[in-house]
Amino acid sequence: MKFPDQLSDLYKYMQAELVRAGIQTASQDARMIIQKHTGYEWADIIASPDIKIKKEALIEIEKDILRRINGEPVSRILGEREFWGLKFKINEETLDPRPDTEMLVEIALRSCVGKQPQTILDLGTGSGCILIALLKEFPDAIGVGIDKSLSALKIARYNAKYNEVEERSSFFCGFWGQALNKKFDLIVSNPPYISNQIIPTLPKEVQNYDPILALEGGNDGLKAYRDILKEINAYIKQGGIALFEIGYDQQKDVMRLAEESGFSVRDVHHDFAGQARVVDISCGDK
Ligand SMILES: C[S@@+](CC[C@H](N)C(=O)[O-])C[C@H]1O[C@@H](n2cnc3c(N)ncnc32)[C@H](O)[C@@H]1O
(Lines give C-alpha, C1' and ligand atoms only; values in the text may rest on other atoms or scores of the structure.)
Protein backbone atom coordinates (compact mmCIF):
# COMPACT_ATOMS: atom_id res chain seq x y z
CA MET A 1 0.00 0.00 0.00
CA LYS A 2 1.23 3.52 -0.74
CA PHE A 3 0.04 5.78 2.04
CA PRO A 4 -0.31 9.50 1.16
CA ASP A 5 1.38 11.83 3.66
CA GLN A 6 -1.19 14.64 3.68
CA LEU A 7 -3.77 14.33 6.43
CA SER A 8 -6.98 14.45 4.39
CA ASP A 9 -5.63 12.27 1.56
CA LEU A 10 -4.34 9.82 4.11
CA TYR A 11 -7.76 9.60 5.76
CA LYS A 12 -9.54 9.05 2.43
CA TYR A 13 -7.01 6.42 1.38
CA MET A 14 -7.31 4.51 4.66
CA GLN A 15 -11.08 4.69 4.56
CA ALA A 16 -11.15 3.32 1.00
CA GLU A 17 -8.83 0.44 1.94
CA LEU A 18 -11.04 -0.49 4.89
CA VAL A 19 -14.20 -0.28 2.79
CA ARG A 20 -12.56 -2.54 0.20
CA ALA A 21 -11.86 -5.05 2.99
CA GLY A 22 -15.59 -5.02 3.85
CA ILE A 23 -15.21 -3.16 7.15
CA GLN A 24 -18.45 -1.39 7.97
CA THR A 25 -16.96 1.09 10.41
CA ALA A 26 -14.28 2.19 7.92
CA SER A 27 -14.53 5.99 8.45
CA GLN A 28 -14.59 5.79 12.21
CA ASP A 29 -11.76 3.24 12.34
CA ALA A 30 -9.57 5.30 9.98
CA ARG A 31 -10.08 8.40 12.13
CA MET A 32 -9.29 6.56 15.36
CA ILE A 33 -6.09 5.05 13.95
CA ILE A 34 -4.95 8.45 12.65
CA GLN A 35 -5.63 9.99 16.04
CA LYS A 36 -3.69 7.25 17.84
CA HIS A 37 -0.52 7.92 15.85
CA THR A 38 -0.71 11.64 15.13
CA GLY A 39 -3.05 13.16 17.69
CA TYR A 40 -5.08 14.70 14.87
CA GLU A 41 -8.85 14.52 15.21
CA TRP A 42 -11.75 14.73 12.77
CA ALA A 43 -11.83 18.53 13.13
CA ASP A 44 -8.16 18.69 12.02
CA ILE A 45 -8.88 16.55 8.96
CA ILE A 46 -11.58 19.04 7.94
CA ALA A 47 -9.83 22.27 8.97
CA SER A 48 -6.23 21.45 8.01
CA PRO A 49 -6.36 18.82 5.24
CA ASP A 50 -2.82 19.56 4.03
CA ILE A 51 -0.97 18.82 7.27
CA LYS A 52 2.02 16.58 6.49
CA ILE A 53 2.24 13.35 8.48
CA LYS A 54 5.66 12.16 9.65
CA LYS A 55 7.12 9.06 8.04
CA GLU A 56 7.37 7.21 11.39
CA ALA A 57 3.66 7.77 12.02
CA LEU A 58 2.80 6.56 8.51
CA ILE A 59 4.70 3.31 9.14
CA GLU A 60 2.70 2.68 12.34
CA ILE A 61 -0.56 3.62 10.64
CA GLU A 62 0.09 1.15 7.85
CA LYS A 63 0.74 -1.64 10.39
CA ASP A 64 -2.53 -0.89 12.16
CA ILE A 65 -4.52 -0.76 8.93
CA LEU A 66 -3.20 -4.21 8.04
CA ARG A 67 -4.21 -5.50 11.48
CA ARG A 68 -7.70 -4.08 10.98
CA ILE A 69 -7.97 -5.56 7.48
CA ASN A 70 -6.98 -8.92 9.00
CA GLY A 71 -10.02 -8.73 11.28
CA GLU A 72 -8.59 -7.38 14.54
CA PRO A 73 -11.19 -5.17 16.29
CA VAL A 74 -10.22 -1.51 16.38
CA SER A 75 -10.48 -1.43 20.18
CA ARG A 76 -7.77 -4.14 20.36
CA ILE A 77 -5.57 -2.16 17.99
CA LEU A 78 -6.01 1.01 20.04
CA GLY A 79 -5.73 -0.92 23.31
CA GLU A 80 -8.71 0.94 24.72
CA ARG A 81 -12.47 1.13 24.62
CA GLU A 82 -15.12 3.59 25.74
CA PHE A 83 -17.72 2.26 28.17
CA TRP A 84 -20.34 4.32 30.00
CA GLY A 85 -18.67 7.45 28.62
CA LEU A 86 -15.36 6.52 30.30
CA LYS A 87 -12.11 5.33 28.80
CA PHE A 88 -10.82 1.83 29.59
CA LYS A 89 -7.52 0.24 28.72
CA ILE A 90 -7.83 -3.38 27.57
CA ASN A 91 -5.34 -6.17 26.89
CA GLU A 92 -5.35 -9.72 25.55
CA GLU A 93 -6.61 -11.08 28.90
CA THR A 94 -9.56 -8.71 29.26
CA LEU A 95 -12.85 -8.97 27.46
CA ASP A 96 -13.40 -6.05 25.13
CA PRO A 97 -16.26 -4.37 27.06
CA ARG A 98 -19.50 -4.49 25.06
CA PRO A 99 -21.99 -1.63 24.78
CA ASP A 100 -24.73 -4.17 25.71
CA THR A 101 -23.17 -4.52 29.16
CA GLU A 102 -23.89 -0.84 29.87
CA MET A 103 -27.42 -2.09 30.53
CA LEU A 104 -26.16 -3.76 33.71
CA VAL A 105 -24.96 -0.35 34.95
CA GLU A 106 -28.24 1.27 33.96
CA ILE A 107 -30.31 -1.37 35.79
CA ALA A 108 -28.08 -1.05 38.86
CA LEU A 109 -28.80 2.69 38.94
CA ARG A 110 -32.53 2.10 38.59
CA SER A 111 -32.58 -0.67 41.18
CA CYS A 112 -30.78 1.47 43.72
CA VAL A 113 -32.89 4.65 43.50
CA GLY A 114 -33.46 5.91 47.03
CA LYS A 115 -31.03 3.41 48.60
CA GLN A 116 -27.57 3.98 47.23
CA PRO A 117 -25.27 1.01 47.81
CA GLN A 118 -22.34 1.52 50.15
CA THR A 119 -20.53 -1.61 49.01
CA ILE A 120 -20.38 -3.08 45.50
CA LEU A 121 -18.90 -6.39 44.34
CA ASP A 122 -18.12 -7.13 40.69
CA LEU A 123 -17.52 -10.82 39.95
CA GLY A 124 -15.39 -11.40 36.85
CA THR A 125 -14.37 -7.76 36.66
CA GLY A 126 -12.09 -8.02 33.56
CA SER A 127 -11.12 -4.46 32.64
CA GLY A 128 -13.07 -3.24 35.69
CA CYS A 129 -15.54 -1.43 33.44
CA ILE A 130 -18.76 -2.27 35.33
CA LEU A 131 -17.39 -1.62 38.81
CA ILE A 132 -15.62 1.59 37.83
CA ALA A 133 -18.71 2.94 36.02
CA LEU A 134 -20.79 2.21 39.14
CA LEU A 135 -18.27 3.84 41.49
CA LYS A 136 -18.41 6.97 39.32
CA GLU A 137 -22.22 6.95 39.67
CA PHE A 138 -22.25 6.16 43.42
CA PRO A 139 -19.64 8.53 44.84
CA ASP A 140 -20.04 7.29 48.42
CA ALA A 141 -19.63 3.62 47.58
CA ILE A 142 -16.57 1.43 47.79
CA GLY A 143 -16.11 -1.56 45.50
CA VAL A 144 -14.31 -4.84 45.06
CA GLY A 145 -13.56 -6.45 41.71
CA ILE A 146 -12.61 -10.12 41.47
CA ASP A 147 -11.14 -11.99 38.57
CA LYS A 148 -9.27 -15.22 37.97
CA SER A 149 -6.87 -13.49 35.59
CA LEU A 150 -3.98 -11.60 37.21
CA SER A 151 -3.24 -9.80 33.98
CA ALA A 152 -6.84 -8.54 33.72
CA LEU A 153 -6.65 -7.33 37.33
CA LYS A 154 -3.57 -5.24 36.52
CA ILE A 155 -5.55 -3.52 33.78
CA ALA A 156 -8.56 -3.05 36.08
CA ARG A 157 -6.31 -1.33 38.66
CA TYR A 158 -4.87 0.91 35.97
CA ASN A 159 -8.41 1.79 34.82
CA ALA A 160 -9.53 2.56 38.36
CA LYS A 161 -6.62 4.98 38.75
CA TYR A 162 -7.17 6.53 35.32
CA ASN A 163 -10.86 7.08 36.11
CA GLU A 164 -10.09 8.41 39.59
CA VAL A 165 -11.82 5.76 41.70
CA GLU A 166 -8.58 4.12 42.81
CA GLU A 167 -9.08 4.99 46.47
CA ARG A 168 -12.54 3.45 46.57
CA SER A 169 -11.73 0.23 44.74
CA SER A 170 -9.78 -2.96 45.40
CA PHE A 171 -9.13 -5.79 43.01
CA PHE A 172 -8.40 -9.38 43.99
CA CYS A 173 -7.60 -12.62 42.27
CA GLY A 174 -10.00 -15.40 43.15
CA PHE A 175 -12.51 -18.01 42.10
CA TRP A 176 -15.62 -15.81 42.13
CA GLY A 177 -16.29 -14.70 45.72
CA GLN A 178 -14.94 -17.76 47.52
CA ALA A 179 -12.26 -15.94 49.49
CA LEU A 180 -14.47 -13.03 50.60
CA ASN A 181 -15.20 -12.45 54.24
CA LYS A 182 -17.56 -9.50 53.99
CA LYS A 183 -21.04 -8.88 52.60
CA PHE A 184 -22.10 -6.43 49.88
CA ASP A 185 -25.17 -4.31 49.14
CA LEU A 186 -24.92 -4.66 45.39
CA ILE A 187 -23.37 -7.53 43.42
CA VAL A 188 -22.94 -7.31 39.66
CA SER A 189 -21.57 -9.87 37.27
CA ASN A 190 -21.15 -10.39 33.57
CA PRO A 191 -19.72 -13.92 33.80
CA PRO A 192 -18.61 -16.12 30.88
CA TYR A 193 -21.87 -17.62 29.57
CA ILE A 194 -21.21 -19.15 26.16
CA SER A 195 -21.45 -22.93 25.90
CA ASN A 196 -18.43 -24.88 24.67
CA GLN A 197 -20.27 -25.99 21.52
CA ILE A 198 -21.06 -22.41 20.50
CA ILE A 199 -17.51 -21.03 20.93
CA PRO A 200 -16.24 -22.37 17.54
CA THR A 201 -19.18 -20.70 15.77
CA LEU A 202 -18.53 -17.21 17.17
CA PRO A 203 -17.36 -14.46 14.78
CA LYS A 204 -13.57 -14.51 14.27
CA GLU A 205 -13.30 -11.05 15.90
CA VAL A 206 -14.52 -12.65 19.13
CA GLN A 207 -12.91 -16.10 18.85
CA ASN A 208 -9.48 -14.78 17.96
CA TYR A 209 -9.28 -11.74 20.20
CA ASP A 210 -11.41 -12.17 23.34
CA PRO A 211 -9.85 -14.42 26.02
CA ILE A 212 -11.45 -17.85 26.32
CA LEU A 213 -11.67 -17.44 30.12
CA ALA A 214 -14.02 -14.52 29.55
CA LEU A 215 -16.28 -16.46 27.18
CA GLU A 216 -16.56 -20.11 28.09
CA GLY A 217 -19.42 -21.07 30.38
CA GLY A 218 -18.99 -24.88 30.31
CA ASN A 219 -21.10 -27.42 28.43
CA ASP A 220 -24.40 -25.60 28.89
CA GLY A 221 -23.09 -22.03 29.32
CA LEU A 222 -24.40 -21.95 32.89
CA LYS A 223 -21.36 -23.05 34.89
CA ALA A 224 -20.51 -19.59 36.24
CA TYR A 225 -24.10 -18.87 37.37
CA ARG A 226 -24.23 -22.27 39.08
CA ASP A 227 -20.91 -21.69 40.88
CA ILE A 228 -21.76 -18.13 41.93
CA LEU A 229 -25.33 -18.78 43.01
CA LYS A 230 -24.23 -21.73 45.14
CA GLU A 231 -22.04 -19.47 47.29
CA ILE A 232 -23.48 -15.97 46.93
CA ASN A 233 -25.39 -16.19 50.23
CA ALA A 234 -22.05 -15.90 51.99
CA TYR A 235 -21.38 -12.44 50.61
CA ILE A 236 -24.69 -10.74 49.81
CA LYS A 237 -26.25 -8.61 52.54
CA GLN A 238 -29.82 -9.18 53.67
CA GLY A 239 -31.82 -6.88 51.36
CA GLY A 240 -28.96 -6.83 48.87
CA ILE A 241 -29.36 -6.96 45.11
CA ALA A 242 -27.50 -9.12 42.60
CA LEU A 243 -27.59 -8.35 38.88
CA PHE A 244 -26.37 -10.82 36.28
CA GLU A 245 -25.91 -10.31 32.59
CA ILE A 246 -27.23 -13.38 30.75
CA GLY A 247 -27.20 -14.82 27.23
CA TYR A 248 -30.33 -14.33 25.13
CA ASP A 249 -31.66 -17.87 25.82
CA GLN A 250 -30.66 -18.24 29.47
CA GLN A 251 -33.50 -16.45 31.25
CA LYS A 252 -35.39 -19.54 32.44
CA ASP A 253 -32.28 -21.45 33.48
CA VAL A 254 -30.74 -18.59 35.45
CA MET A 255 -34.09 -17.86 37.14
CA ARG A 256 -34.36 -21.53 38.08
CA LEU A 257 -30.80 -21.60 39.47
CA ALA A 258 -31.47 -18.45 41.51
CA GLU A 259 -34.69 -19.85 42.93
CA GLU A 260 -33.03 -23.17 43.74
CA SER A 261 -30.48 -21.18 45.75
CA GLY A 262 -33.29 -19.55 47.72
CA PHE A 263 -33.37 -16.14 46.01
CA SER A 264 -36.35 -14.36 44.57
CA VAL A 265 -36.00 -13.02 41.04
CA ARG A 266 -37.26 -9.41 41.18
CA ASP A 267 -37.19 -8.83 37.46
CA VAL A 268 -35.70 -9.81 34.12
CA HIS A 269 -34.74 -6.79 32.02
CA HIS A 270 -34.82 -6.87 28.24
CA ASP A 271 -32.65 -4.87 25.84
CA PHE A 272 -33.87 -2.77 22.89
CA ALA A 273 -33.91 -5.87 20.70
CA GLY A 274 -36.35 -7.45 23.16
CA GLN A 275 -33.84 -10.00 24.42
CA ALA A 276 -33.55 -10.89 28.09
CA ARG A 277 -30.23 -9.40 29.23
CA VAL A 278 -30.16 -8.76 33.00
CA VAL A 279 -31.56 -10.93 35.79
CA ASP A 280 -32.27 -8.98 38.96
CA ILE A 281 -32.20 -11.02 42.16
CA SER A 282 -32.84 -9.93 45.70
CA CYS A 283 -31.86 -11.39 49.02
CA GLY A 284 -34.78 -10.89 51.43
CA ASP A 285 -35.80 -7.46 52.73
CA LYS A 286 -33.63 -4.87 54.36
C1 LIG B 1 -17.50 -11.93 30.22
S2 LIG B 1 -16.04 -11.41 31.04
C3 LIG B 1 -16.61 -9.88 31.76
C4 LIG B 1 -15.52 -8.87 31.97
C5 LIG B 1 -16.05 -7.49 32.37
N6 LIG B 1 -16.79 -7.56 33.60
C7 LIG B 1 -16.92 -6.92 31.26
O8 LIG B 1 -18.16 -6.93 31.41
O9 LIG B 1 -16.37 -6.47 30.23
C10 LIG B 1 -15.96 -12.53 32.38
C11 LIG B 1 -14.78 -12.36 33.32
O12 LIG B 1 -14.83 -13.39 34.31
C13 LIG B 1 -13.51 -13.83 34.61
N14 LIG B 1 -13.62 -15.18 35.17
C15 LIG B 1 -13.85 -16.35 34.51
N16 LIG B 1 -13.92 -17.37 35.40
C17 LIG B 1 -13.74 -16.83 36.63
C18 LIG B 1 -13.73 -17.37 37.95
N19 LIG B 1 -13.92 -18.67 38.18
N20 LIG B 1 -13.53 -16.53 38.99
C21 LIG B 1 -13.34 -15.20 38.77
N22 LIG B 1 -13.34 -14.63 37.55
C23 LIG B 1 -13.55 -15.44 36.49
C24 LIG B 1 -12.80 -13.75 33.27
O25 LIG B 1 -11.40 -13.69 33.43
C26 LIG B 1 -13.42 -12.46 32.67
O27 LIG B 1 -12.64 -11.35 33.01
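Our structure's up above, just so we're on the same page.
We now turn to the structure provided with this report.

Cut-off values and rules
- Residues numbered from 1 in each chain as written.
- Predicted model: local features only at pLDDT ≥ 70, side-chain atom pairs only at ≥ 80, totals over all residues.
- Heavy atoms only, no water.
- Near = heavy atom within 4 Å.
- Polar contact = N/O pair within 3.5 Å; in protein donor to acceptor, adjacent residues only side chain to side chain.
- Areas by Shrake-Rupley, 256 points an atom, 1.4 Å probe, with all protein chains shown as cover.
- Nonpolar A, V, L, I, M, F, W, Y, C, P; charged D, E, K, R; others polar.
- Axes fitted to C-alpha atoms, helices over the stretch in contact; angles between N-to-C directions.
- Helix = DSSP H or I, 4+ residues; strand = E, 2+ residues; numbered from the N terminus.
- Parallel < 35°, antiparallel > 145°, perpendicular 65-115°, else oblique.
- Left-handed = near helix turned anticlockwise from the far one by under 90°.
- Contact = heavy atoms within 4.5 Å.
- Disulfide = S-S within 2.5 Å.
- Buried < 20%, exposed > 50% of the residue type's maximum accessible area, 1.4 Å probe, protein only.
- Core = buried A, V, L, I, M, F, W, Y, C linked by side-chain atoms within 4.5 Å.
- Pairing = 2+ DSSP bridges.

## Overview of the site of the ligand
Okay, step 1: Around the ligand lies a shell of 18 residues, among which Gly124, Asp147, Trp176, Asn190 and Ala214 are the nearest.
Okay, step 2: Contact distances for the ligand include 2.6 Å between an oxygen atom and a side-chain N or O atom of Asp147.
Okay, step 3: The contact in question runs from an oxygen atom of the ligand to an N or O atom on the side chain of Asn190, over 2.9 Å.
Okay, step 4: Here the ligand, which alone exposes 600 Å², has 96% of that area covered by the protein.
Okay, step 5: Of the residues in the shell around the ligand, the class split is 10 nonpolar, six polar and two charged.

## Description of the packing of helix 1 (residues 7-20) against helix 4 (residues 55-69)
Okay, step 1: Where helix 1 meets helix 4, the axes come as close as 10 Å, and the angle between the chain directions of the two elements is 20 degrees. By the angle class used here, helix 1 and helix 4 are roughly parallel. Read as a crossing pair, helix 1 and helix 4 show a hand that is right-handed. Contacts between helix 1 and helix 4 involve Leu10, Met14, Glu17 and Leu18 from the first element and Leu58, Ile61, Ile65, Arg68 and Ile69 from the second.

## Examining the state of the cysteines
Covalently bonding the sulfur atom of one cysteine to the sulfur atom of another cysteine gives a disulfide.
Okay, step 1: According to the stated counting rule, one finds zero disulfides in the structure shown.
Okay, step 2: There is no disulfide at Cys129, and the cysteine sulfur nearest it, in Cys112, is 17 Å away.
Okay, step 3: The exposure class assigned to Cys129 is buried, which follows from its relative accessible area of 7%.

## Structural notes on the nonpolar core
As a rule of thumb, soluble globular proteins bury nonpolar side chains together.
Okay, step 1: The biggest cluster of nonpolar side chains holds 34 residues, and the ones touching the most others in it are Ile187, Tyr225, Leu229, Ile232, Tyr235 and Ile281.
Okay, step 2: Every element with two or more residues in this core is listed here: strand 3 (119-123), strand 4 (142-147), strand 6 (184-189), helix 10 (223-231), strand 7 (236-245), helix 11 (251-260), strand 8 (264-270) and strand 9 (276-282).
Okay, step 3: Per-element tally for this core: the top contributor is helix 10, with four residues.
Okay, step 4: Beyond its immediate chain neighbours, meaning those up to four positions away, Ile232 contacts Ile187, Ala242, Phe244 and Phe263.

## Digging into the side chain of Thr94
Okay, step 1: Tracing the sequence through the fold places Thr94 in the loop between strand 2 (86-89) and helix 6 (102-111).
Okay, step 2: A distance of 2.9 Å separates a polar atom in the side chain of Thr94 from the backbone nitrogen of Asn91.

## Some thoughts on the sheet that holds strand 6
Okay, step 1: Strand order across the open sheet formed by seven strands is 5-4-3-6-7-9-8, with mixed pairing between neighbours. This sheet does not close on itself; its edge strands, each paired only once, are strand 5 (169-173) and strand 8. Taken over all neighbouring pairs, the strand axes of this sheet differ in orientation by 15 degrees on average, direction set aside.
Okay, step 2: As paired strands, strand 7 and strand 9 are joined by five bridges and run antiparallel to one another. By the bridge assignment, Ala242 is partnered in strand 9 with Ile281.
Okay, step 3: On the sheet, helix 6 packs against strand 6, strand 7, strand 8 and strand 9 and is oriented at approximately 150 degrees with respect to strand 7.

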